[in-house]
Amino acid sequence: MSASSVELNGAWAIVTGGSRGIGHAIGKELARRGSDVLILFRQDEKAAQAVVAELRALGVRSQARQVDVRQFDAVQVAVEELAETGRPIAILVNCAGITADRTVGKLSLADWQAVIDTNLTASFLIATAVLPHMRAAGYGRIVNIGSIIGQTGNRGQTNYAAAKAGILGFTKALARETAKYDITVNAVCPGFIDTDMLATIPAEIVDTIRRRIPKGRLGLPEEVAFAVAFLAAPRAAYITGQVINVNGGEYM
């Protein structure tokens, strides 16, 4: 590990959606800085275990647990079992997310609810599970992953935009409730990041997106992870209720 890797001092970080894309990059960045990392994933166990092996190679403890973060009981069990290791839970990164894109006239209630539950309600559920441990310790860092779409809206993504806009309100309100316990709550809003999720968009649309970004390129998962790690650091103690945009200047 590098000289800066002692920054997070071996406490646990929980990263939801940590088996791929931005979540994978966040777990890796936190591990580089000395944090032990629990990856919560929904489907791809092989990918999750590969991430665990990668993080352990950086010299930290790491685990993966298959959890439907929309289920209150499952989330509670995962957090309580982690707490039983005897090491503090210092960081929570809410990164789990899905899309189900359709215009409103074609959007089913099931697709609306699935996106709201995964991208918004799950953040509430795991925060309620983690917060008693953070309050008891008098310390915590919560970082919620929003999106540029929650700030600007986007055709065919009313469900996703609503969920990500909700994340920003949730972040600010929770920050006011937790500040006195030295628990900070912040959000990072990525723009268009080069991940598997973006790979589902037709190439010509991606080219159009790229042309409107002042930086002239898509973002990298590692660039989002750097912002998350900054907010998760002990020295970010006076930053709470804030939103950091990582979008190449597309939304200012």
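Note that the structure is a prediction, hence the values are computed from the model and not measured. (Residues numbered from 1 in each chain as written. Predicted model: local features only at pLDDT ≥ 70, side-chain atom pairs only at ≥ 80, totals over all residues. Heavy atoms only, no water.)

(A) Representation of the state of the cysteines in the model. Tallied over the entire structure, the rule returns 0 disulfides. Between Cys95, a free cysteine, and Cys189, which holds the nearest cysteine sulfur, the sulfur-to-sulfur gap is 12 Å. Residue classification places Cys95 among the buried positions, given a relative accessible area of 12%. (Disulfide = S-S within 2.5 Å. Buried < 20%, exposed > 50% of the residue type's maximum accessible area, 1.4 Å probe, protein only.)

(B) Spatial organisation of the sheet that holds strand β7 (residues 243-246). In spatial order, the strands read β3-β2-β1-β4-β5-β6-β7; together these 7 strands make up an open sheet with parallel pairing. Unpaired on one side and paired on the other, β3 (62-66) and β7 mark the two borders of the sheet. For this sheet the average axis-to-axis angle between neighbouring strands, irrespective of direction, equals 20°. Here helix α3 (residues 72-83) sits on the sheet in contact with β1 (12-16), β2 (36-41), β3 and β4 (89-94), set at roughly 160° to β3. (Pairing = 2+ DSSP bridges. Helix = DSSP H or I, 4+ residues; strand = E, 2+ residues; numbered from the N terminus. Axes fitted to C-alpha atoms, helices over the stretch in contact; angles between N-to-C directions. Contact = heavy atoms within 4.5 Å.)

(C) Here's a closer look at helix α8 (residues 221-232). The end-to-end C-alpha distance of α8, which contains 12 residues, comes to 16 Å, matching closely the 16 Å that a straight helix rising 1.5 Å per residue would cover. All buried positions along α8 are accounted for by Pro221, Val224, Ala225, Ala227, Val228, Ala229, Leu231 and Ala232. Among the structural elements, α1 (21-32), β4, β5 (140-145), β6 (183-190) and β7 are those in contact with the buried residues of α8. (Expected span 1.5 Å × (residues − 1).)

(D) Focus on the packing of aromatic side chains. As enumerated under the stated definition, the model contains 0 aromatic pairs in all. Across from the ring centre of Tyr181, 5.9 Å away, lies the NZ or CZ of Arg135, which sits over that ring. (Phe/Tyr/Trp six-rings, centres within 6.5 Å; stacked < 30°, edge-to-face > 60°. Lys NZ or Arg CZ within 6 Å of the ring centre and 35° of its normal.)

(E) Region of interest: the pairing of β1. Summarising burial for β1: 5 of the 5 residues are buried, a large majority. Of the two faces of β1, both are covered, the one formed by Trp12, Ile14 and Thr16 as well as the one formed by Ala13 and Val15. Where β1 lies against β2, 5 bridges are found, and the strand directions are parallel. Pairing of Val15 across the sheet is with Ile39, part of β2.

(F) Main features of the pattern of salt bridges. On inspection of all chains with the given rule, the structure shows 12 salt bridges. Here Glu81 ties to Arg65 by a salt bridge, and the two come within 2.2 Å at their closest N and O atoms. Taken together, the positions of Glu81 in helix α3 and Arg65 in strand β3 put the pair 16 residues apart, joining distant regions of the chain. For Glu81, a relative accessible area of 41% translates into the label partly exposed. Judged by its relative accessible area of 26%, Arg65 is partly exposed. The partner of Arg212 in a salt bridge is Glu250, with the nearest N and O atoms 2.6 Å apart. Linking Arg212 in helix α7 (residues 203-212) with Glu250 in the segment after β7, this pair joins segments that are 38 residues apart in sequence. Taking relative accessible area as the criterion, Arg212 reaches 44% and is therefore assigned partly exposed. Judged by relative accessible area, which is 21%, Glu250 ranks as partly exposed. (Salt bridge = Lys/Arg side-chain N within 4 Å of Asp/Glu carboxyl O.)

(G) Examining the packing of α1 against α8 more closely. For the pair α1 and α8, interaxial distance at closest approach is 8 Å and the crossing angle is 50°. Comparing the axis directions of α1 and α8 gives the class oblique. In terms of crossing hand, the pair formed by α1 and α8 is right-handed. Between α1 and α8, the contacting residues are Gly21, Ile22, Ala25, Ile26, Glu29 and Leu30 on the first element and Pro221, Glu222, Val224, Ala225, Phe226, Val228, Ala229 and Ala232 on the second. The residue makeup of the contact of α1 with α8, split by class, is 11 nonpolar, 1 polar and 2 charged. (Parallel < 35°, antiparallel > 145°, perpendicular 65-115°, else oblique. Left-handed = near helix turned anticlockwise from the far one by under 90°. Nonpolar A, V, L, I, M, F, W, Y, C, P; charged D, E, K, R; others polar.)

(H) Spotlight on the side chain of Ser35. Take Ser35: it is sitting in the loop between α1 and β2. Here Ala11 takes part through its backbone oxygen, which lies 3.0 Å from a polar atom of the side chain of Ser35. In this view, Ser35 contacts Leu8, Gly10, Ala11, Trp12, Ala13, Leu30, Val60 and Ile91; residues no more than four positions away in its chain are not counted. (Polar contact = N/O pair within 3.5 Å; in protein donor to acceptor, adjacent residues only side chain to side chain.)

(I) How the structure looks around the side chain of Thr184. In this fold, Thr184 is placed in strand β6. We classify Thr184 as buried; its relative accessible area is 2%. When residues no more than four places from it in sequence are discounted, the contact partners of Thr184 are Gly140, Arg141, Ile142, Leu231, Ala236, Ala237, Ile239 and Thr240.

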